[in-house]
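# Summary of the model geometry
So you can see what is in the structure, the chains are spelled out below.
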Amino acid sequence: MADLPDVPSMLEAAVDALGGTHREGQATMALAASEAVDKREHLVVQAGTGTGKSLAYLVAAIRHAMAADTTVVVSTATIALQNQLIERDLPRLARALAPMLNREPTFAVLKGRRNYLCRNRLQTAGEEAEDTELFDPRQLSSLGRQVARLHEWAEETTTGDRDELEPGVSDLAWRQVSVGGNECVGARVCPFGQECFAEFAREAAGGVDVVVTNHAMLSIDMQQDFHLLPEHDTIVIDEAHELVDRATSVATETLTERTVSSAAKRAARLVEAGTSERLTECAEGLAMMFTEAPDGRLDQIDDGLAGAVAATRDAASACVTAIGPAPGDMDPDTAGDRRMALAALNEVHDAAVSVLESYDKPLRERTEVVWLTKAPSRPPSLNVAPLTIGGLLRDKLFGDRTVVLTSATLTLGGDFRALAGQWGLGREVTEEAADREARGLSPVPDTGTEGVGEDEDGPHRAEGEPRWRALDVGSPFEHSRRGILYVATHLPQPGRDGPDPAYLDEIAELIQAADGRALCLFSSMRAAQQASEELRERLDHPILCQGEDSTGRLVSRFAEEERSCLFGTLSLWQGVDVPGPSLSLVVVDRIPFPRPDDPLSSARQRSISAHGGNGFLSVAATHAALLLAQGTGRLLRSTEDRGVIAVLDPRLAKARYGGFLRASLPPYWGTSDPEVARSALRRLAAATEPAAAAVG
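Keep in mind the model is a prediction, meaning the values are calculated, not measured.

## Here we look at the overall build of the protein chain
Counting secondary structure elements, the protein chain contains 27 helices and 21 strands. When burial is assessed residue by residue, the protein chain has 51% of its 696 residues classed as buried. When contacts within the protein chain are restricted to residue pairs at least 6 apart in sequence, those whose partners lie at least 24 apart make up 76%. Of the accessible surface of the protein chain, which amounts to about 31000 Å², a share of 48% is contributed by carbon and sulfur atoms.

Right, here's the structure in full:
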């Protein structure tokens, strides 16, 4: 459509129609995203809270989709943002742009098959007994009630989307009525193929301008031979700081006694008893070896555990061989049993193979890490994951499409390269390098991999690594005038035995000065619970603690009750959006380094150090910087917000890596004087008008 208006005109029309205001950062981002797509260059954009980045990339995406008659995929990390895009942003934007376009832009949401109710699976929901021995009668009764609810809901829903079920059901109940992609018998065989919710969703996503999905679905699409997403040449990844963790999670394989025994029970319907019983015995053998093996990372595997894993591999393979190829006249029920059995068996077999093959190389050369998880509330599990995910992303994500990655937090230590390296990106294209290339000169070595070549489509890769441009459009928030970063340098360094009494005193004094209105972020749930219990006895402010209700309801109560406080851990570091007077104080108990015994991060750190890099800075400090930036970002959620961020860990000011961490944060006004912080909070609490609520 050559007569389409340009991106600046479309953005201006959209902002006017939606009653918004012009934001320079938003306009810059929208134009940069459009130019990146035209040039087929990857773009990394840091857009601070309040920029309006969703509108910026959606306008660029819609224009490209309509101009090129293609689909643009938008991927998010959280359900909240996914729902916001589909239910609010895209419908309003489509209506706003329709008058200046030949038609109204179209969009759809697409999730993994497991997110949709399966009508075929619903027919046998609750009948299978493979999980029942793990639950007491009360749990089974609850499961039955939930499955009954799902039967009723199936007659009402038009989408079958689990996220639309209110109230929700447990994961166990949902498993009774859903199937993964590798378990589905296919629409042509399934008796409910013409009524399949997952197929409806895929059909709705075909041919639309924008498809909204999530990082997990995107990762699954990358890691299998067939594609779930419609054909596309451009992807926008919002909340891009979450991409590595989500992709790693999808790539992680797991062996448990339950997964093996479940696969054996599915196989028992299709093979001779002796063949499936052998796999059942392997499940019992694994459980025995798990009790003897140490918890945590397994750099070496002892003969007993290795033997149990190898036996499991061979028994699963024998079951697959015994099931054999599918006959042409198989009835749908048998086809469904066969498909689900093969899916479970292959999952067990492949995980066992991955575990054993990971030990084929010397420790320094390994590309996977294996660990055993033994938690009191869960059965033991043997896990294997790639040390890095950059190679997969480089080959499967950045290969022949344009990718725009954005988030409010992408510069760590003041630099984009930390996350770019984790994504598998190569050398950043600077203006100087681009100018030299345009003149036929060698690019100036600037920030990364050397040796840039050109492919048939122009300068796009450096020795096989995708190249990219970086852009920081800033934030409309005046961080230095509206936020104080207070580092409590007088406190002792945090220990491992829960909050120090001095920390609790500090939190109590800050909360009293703020008259509540505090979000307190802790590095562990134990610390959050201990602090909430002790401070409830000392303060008259309502203290809500994560785990006492659903996170969504707790956040709603915190927003509604202005003098309340909310204590919690990891999900609250990134999942709280409370603008206005209910939040004027964010407390961080300690720098959020990963646990020293975390199997994956410790293995990555060791591997980088072994190859001459700085493992601590590349892994632990980068992880901490990202979370710290996300956590402190809870304070300013609108241009009128003001307040104090109190970091109780003195290492932020005193340790050598403190400068790297502080450079990852917006330019708040800083102090280490507790009275300055408390005085600012008292003024905010006393203020009745936003204009009077000055903090600096």
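Let's pick the thread back up.
## A word on the sheet that holds strand β8 (residues 368-373)
Taken in spatial order, the four strands line up as β6-β9-β8-β7 in an open sheet, and their pairing is antiparallel. Strands at the two margins of the open sheet, each flanked by one partner only, are β6 (253-256) and β7 (296-297). One ladder, built from six bridges, connects β8 with strand β9 (residues 381-386); its direction is antiparallel. Within β9, the residue paired with Glu368 across the bridge is Pro386.

## A short note on unusual backbone geometry
Looking along the chain, the bond that leaves Glu166 and enters Pro167 is cis, with omega of -15°. Note on placement: Pro167 falls in the loop between α6 (137-154) and α7 (171-175). Unlike most non-glycine residues, Asp69 shows phi in positive territory, near 50°. Note on placement: Asp69 falls in the loop between α3 (53-68) and β2 (72-76). The exposure class of Asp69 is exposed, given its relative accessible area of 71%. Backbone geometry places Arg517, a non-glycine residue, at a positive phi of 55°. If you trace the backbone, Arg517 turns up in the loop between α19 (501-514) and β16 (518-521). Exposure remark for Arg517: the relative accessible area of 12% places this residue in the buried category.

## Concerning the side chain of Asp89
Here Asp89 lies in helix α4 (residues 79-97). Look at Asp89 and you get buried, because its relative accessible area is 12%. Excluding residues that lie within four positions of it along the chain, Asp89 makes contacts with Ser54, Leu58 and Gln84.

## Notes on the nonpolar core
Most often, soluble globular proteins keep nonpolar side chains buried together rather than apart. Membership of the largest hydrophobic core comes to 87 residues, with the highest contact counts inside it found for Ile237, Leu393, Leu397, Leu405, Trp423 and Leu661. It is helix α24 (residues 615-632) that contributes the most residues to this core, seven residues altogether. Ignoring sequence-local partners within four residues, the contact set of Leu661 consists of Ile591, Ala621, Ala624, Ala625, Leu628 and Leu652. Core analysis: the next-biggest nonpolar cluster, separate from the first, contains 39 residues, Met29, Leu85, Ile86 and Leu97 among them.

## Points about the pairing of strand β4 (residues 210-214)
In terms of residue burial, β4 counts as a mostly covered element, since five of its five residues are buried. The alternating pattern of β4 places Val210, Val212 and Asn214 and Val211 and Thr213 on opposite faces, both of which are buried. Pairing of β2 with β4, which is carried by five bridges, proceeds in the parallel orientation. Directly across from Ser75, in β4, lies its bridge partner Thr213. In the sheet, strand β3 (residues 107-109) pairs with β4 via three bridges, with the strands oriented parallel. Across the sheet, residue Val109 finds its bridge partner in β4, namely Val212.

Thresholds applied
- Residues numbered from 1 in each chain as written.
- Predicted model: local features only at pLDDT ≥ 70, side-chain atom pairs only at ≥ 80, totals over all residues.
- Heavy atoms only, no water.
- Helix = DSSP H or I, 4+ residues; strand = E, 2+ residues; numbered from the N terminus.
- Buried < 20%, exposed > 50% of the residue type's maximum accessible area, 1.4 Å probe, protein only.
- Contact = heavy atoms within 4.5 Å.
- Areas by Shrake-Rupley, 256 points an atom, 1.4 Å probe, with all protein chains shown as cover.
- Pairing = 2+ DSSP bridges.
- Core = buried A, V, L, I, M, F, W, Y, C linked by side-chain atoms within 4.5 Å.

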